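Next come the chains, spelled out residue by residue.
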Amino acid sequence: MSSETSHHKPRVAVVFGGRSSEHAISVLTAGAVLRAIDREKYDVLPIGITTDGRWALTADDPERMAIADRQLPTVAALAESTEGAVVLPVDPTNREVVYSEPGSVPKALGEVDVVFPVLHGPYGEDGTLQGLLELSGVPYVGSGVLASAVGQDKDYMKRVFTSFGLPVGPYEVIRPREWEVDPAAARRKIVDFAAEHGWPLFVKPARAGSSMGITKVNDLGGLDEAIEEARRHDPKILVESLLRGREIECGVLEFEDGPRASVPAEIPPVTAHDFYDFEAKYIDSAAGIVPAPLTAEQTAKVQELAVAAFDAASCEGLVRADFFLQDNGEFVINEINTLPGFTPISMYPRMWQESGVSYPELIDRLLQAALHRSTGLR
């Protein structure tokens, strides 16, 4: 905290947008977070990162951070200038944020006490921004470098879960070099996987979220196009077998006495889409069922697994854990999301709302936890 009077309100930099294919989802999340932050308790500085990586000063205008006529919002449309840039000093003794434009004297924007990163995907959720903030000595909401990286890379995420004895479904990974050196051999690897586990398969980027770049492949005919689509988002791809069962999600939030799980939610089958893809999530707003219609025993089990996944990946602050409840009654963990969406229809805040933690209280709890947590080794 900066050394000012006892009446000093913590200054929160809400950082959003970013270079990943989930840019627009991050803007939607930022709009919801900006609406919910208690302005009596916090000063707020919105900072958007454009798709080409420029840190821009943006309008504090949540109404413009929403889907309008099925069009997704962008930082470029919100930026106060097409050239001005915000700079966070990489110096633990100085938290002064500076704004500069070509031909103008740099302007100090004041010190930042805590960063609320609402970036999704690579270059933000994957440990890269967290590393920058560690170097800068600025506290931030959410997991640290390692947990963020593990949470972004589904290959290593599954390896960590397996090592901790958590149930994971069958999967195969095609690394960039495999595809570049011998695409025919990489393709055979997927075909062999299908022969063992059956069609359909899901082909997805290993390090993306928000259901970006995922294709459900019913047979050999659609495989090449699915690989191409996944590689458009990430040169490393993941292939998973279809797990028959119900999609169950559970939120984890860190309290003073440790992580706790929310009531779970269920994502019902979407009739207008082949699976719960990007359009279903964000454009057509498929509604999840909160709380999920589970038995008391099933609810307790998925909550236990969600907290175990949080601990296995060394997470902090918050996580949304996604599961399949298979037809045989067993849960399989699909993935965790270390910075889940906070859009008005997002499951994470809805699950906590149903668990007795309102949206503004959720934001406040995350900010307070970050302010009381040191950077560096902990």
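The structure we're discussing is the one just above.
Along every chain, residues carry numbers that run from 1 in the direction the sequence is written. Owing to the predicted nature of the model, reporting of local features is limited to residues with pLDDT of at least 70; listing and counting of side-chain atom pairs is limited to 80 or more, with chain, interface and lining totals taken over all residues. The basis for every side-chain value is the complete set of non-hydrogen atoms in the structure, without hydrogens or water.

**Student:** Tell me about the environment of valine 263, and name the residues and values.
**Tutor:** We count a stretch as a helix when DSSP gives it H or I for four or more residues in a row; a strand needs E for two or more, and each element gets its number in order from the N terminus. Structurally, the position occupied by valine 263 is in the loop between strand S13 (258–261) and strand S14 (265–267). Each residue is placed in one exposure class: buried if its accessible area under a 1.4 Å probe, protein chains only, is under 20% of its type's maximum, exposed if it is over 50%, and partly exposed if it falls in between. Judged by relative accessible area, valine 263 falls into the partly exposed class, the value being 22%. Distance from valine 263 to cysteine 250, taken between C-alpha atoms, is 6.6 Å for residues 13 residues apart in sequence. We call two residues contacting when some pair of their heavy atoms lies within 4.5 Å. With residues near it in sequence (within four places) discarded, valine 263 still touches Val290, Pro291, Gln303, Met351, Glu354 and Ser355.

**Student:** Could you give an account of the nonpolar core, with specific residues and numbers?
**Tutor:** By size, the foremost hydrophobic cluster in this structure holds 36 residues, and its most contacted members are Val14, Phe16, Phe116, Phe342 and Ile363. Top contributing element to this core by residue count: helix H12 (residues 359–371), with seven residues. Once residues lying within four places of it in the same chain are set aside, the contact partners of isoleucine 363 are Val33, Ala36, Ile37, Phe116 and Phe342. Core analysis: the second largest hydrophobic core is formed by 26 residues, Ala147, Val252, Leu294 and Ala306 among them. The term nonpolar core refers to a set of buried residues drawn from Ala, Val, Leu, Ile, Met, Phe, Trp, Tyr and Cys, joined through side-chain atoms within 4.5 Å.

**Student:** Lay out the sheet that holds strand S9 (residues 201–205) in plain terms, naming residues and giving numbers.
**Tutor:** Should DSSP find at least two bridges between two strands, the strands are taken to pair. Taking strand neighbours across the sheet as the criterion, the four strands line up as S8-S11-S9-S10 in an open arrangement whose pairing is antiparallel. With partners counted over all chains shown, the strands left at the sheet margins are strand S8 (171–174) and strand S10 (215–217), one partner each. Averaged over all adjacent pairs, the angle separating strand axes in this sheet is 25°, with direction ignored. Pairing of S9 with S10, which is carried by three bridges, proceeds in the antiparallel orientation. What sits directly across from leucine 201, in S10, is valine 217. Only the contacting stretch of a helix is used when fitting its axis, a line to C-alpha atoms as for every element, and angles between N-to-C directions run 0 to 180 degrees. Those strands touched by helix H7 (residues 183–197) are S8, S9 and strand S11 (237–241), and its axis lies near 175° from that of S8. The strands touched by helix H8 (residues 223–233) are S9, S10 and S11; relative to S9, the strand with the most contacts, the crossing angle is about 25°.

**Student:** Could you give me a rundown of the pairing of strand S2 (residues 43–49), with the residues and numbers involved?
**Tutor:** Burial runs high along S2: six of the seven residues are buried. In this sheet, S2 lies alongside strand S1 (residues 11–17) in parallel orientation, the contact comprising seven bridges. Bridge pairing in S2 links phenylalanine 16 to glycine 48. As defined by bridge partners, S2 adjoins strand S3 (residues 55–57) across three bridges and the pair is classed as antiparallel. Bridged to isoleucine 47 within S3 is leucine 57. Here S2 folds back onto S3, and the loop between the two strands holds five residues, one of which, glycine 53, carries a positive phi near 95°.

**Student:** Run through the packing of H7 against H8, naming residues and quoting values.
**Tutor:** Look at H7 against H8: their axes get within 12 Å of each other, and the N-to-C directions meet at 115°. Comparing their axes, H8 and H7 come out roughly perpendicular. When the axes of H7 and H8 are compared, the crossing they make is right-handed. On H8, the residues touching Arg187, Ile190 and Val191 of H7 are Leu223, Asp224 and Ile227. Small angles under 35 degrees read as roughly parallel and large ones over 145 as roughly antiparallel, with 65 to 115 read as roughly perpendicular and the rest as oblique. Less than a right angle of anticlockwise turn of the near helix away from the far helix marks a crossing as left-handed, whereas a clockwise turn marks it as right-handed.

**Student:** Could you give me a rundown of the packing of aromatic side chains, with the residues and numbers involved?
**Tutor:** Geometry of aromatic contacts follows a simple scheme: Phe, Tyr and Trp rings, the Trp one being its six-membered ring, pair when their centres are within 6.5 Å, and the pair is stacked under 30 degrees between planes, edge-to-face over 60, tilted otherwise. Considering all chains together, one arrives at five aromatic pairs under this definition. Aromatic side chains phenylalanine 255 and tryptophan 352 sit 5.9 Å apart centroid to centroid with 50° between the ring planes, which places their arrangement in the tilted category. One end of the pair, phenylalanine 255, is in strand S12 (residues 245–255); the other, tryptophan 352, is in helix H11 (residues 347–354), with 97 residues separating them in the sequence. As far as the burial class goes, phenylalanine 255 and tryptophan 352 line up, both buried. Ring plane angle 15° and centroid distance 6.1 Å describe the contact between phenylalanine 342 and tyrosine 359, whose orientation is recorded as stacked. With a gap of 17 residues between them, phenylalanine 342 in the loop between strand S16 (331–337) and H11 and tyrosine 359 in helix H12 connect regions that are remote in the sequence. An identical accessibility class is assigned to phenylalanine 342 and tyrosine 359; each is buried. Joined through ring pairs, the aromatic side chains of Phe116, Phe342, Tyr348 and Tyr359 make up one cluster.

**Student:** Residue-level account of the environment of alanine 300, with values.
**Tutor:** For alanine 300, the position within the fold is in helix H10 (residues 296–312). Since its relative accessible area comes to 41%, alanine 300 is described here as partly exposed. Separated by 36 residues in sequence, alanine 300 and proline 264 place their C-alpha atoms 9.4 Å apart.

**Student:** Now, about the pattern of salt bridges: what can you tell me, with residues and values included?
**Tutor:** If the charged atoms of two oppositely charged side chains come close together, the side chains can form a pair. In what follows, salt bridge is the name for a side-chain nitrogen of Lys or Arg lying within 4 Å of a carboxyl oxygen of Asp or Glu. Under the counting rule described, the total for this entry stands at 25 salt bridges. A salt bridge links glutamate 240 to lysine 158, with the shortest nitrogen-to-oxygen separation between them at 2.9 Å. In this pair, glutamate 240 is assigned in strand S11 and lysine 158 in helix H5 (residues 154–163), connecting sequence segments 82 residues apart. A single burial state applies to glutamate 240 and to lysine 158, both of which are buried. Ionic pairing is found between aspartate 322 and arginine 320, a salt bridge with its closest N-O pair at 2.9 Å. Per residue, the accessibility class of aspartate 322 equals that of arginine 320, and both read buried. Here the salt bridges do not stand alone but share partners, grouping Glu134, Glu254, Glu316, Arg373 and Arg378 into one network.

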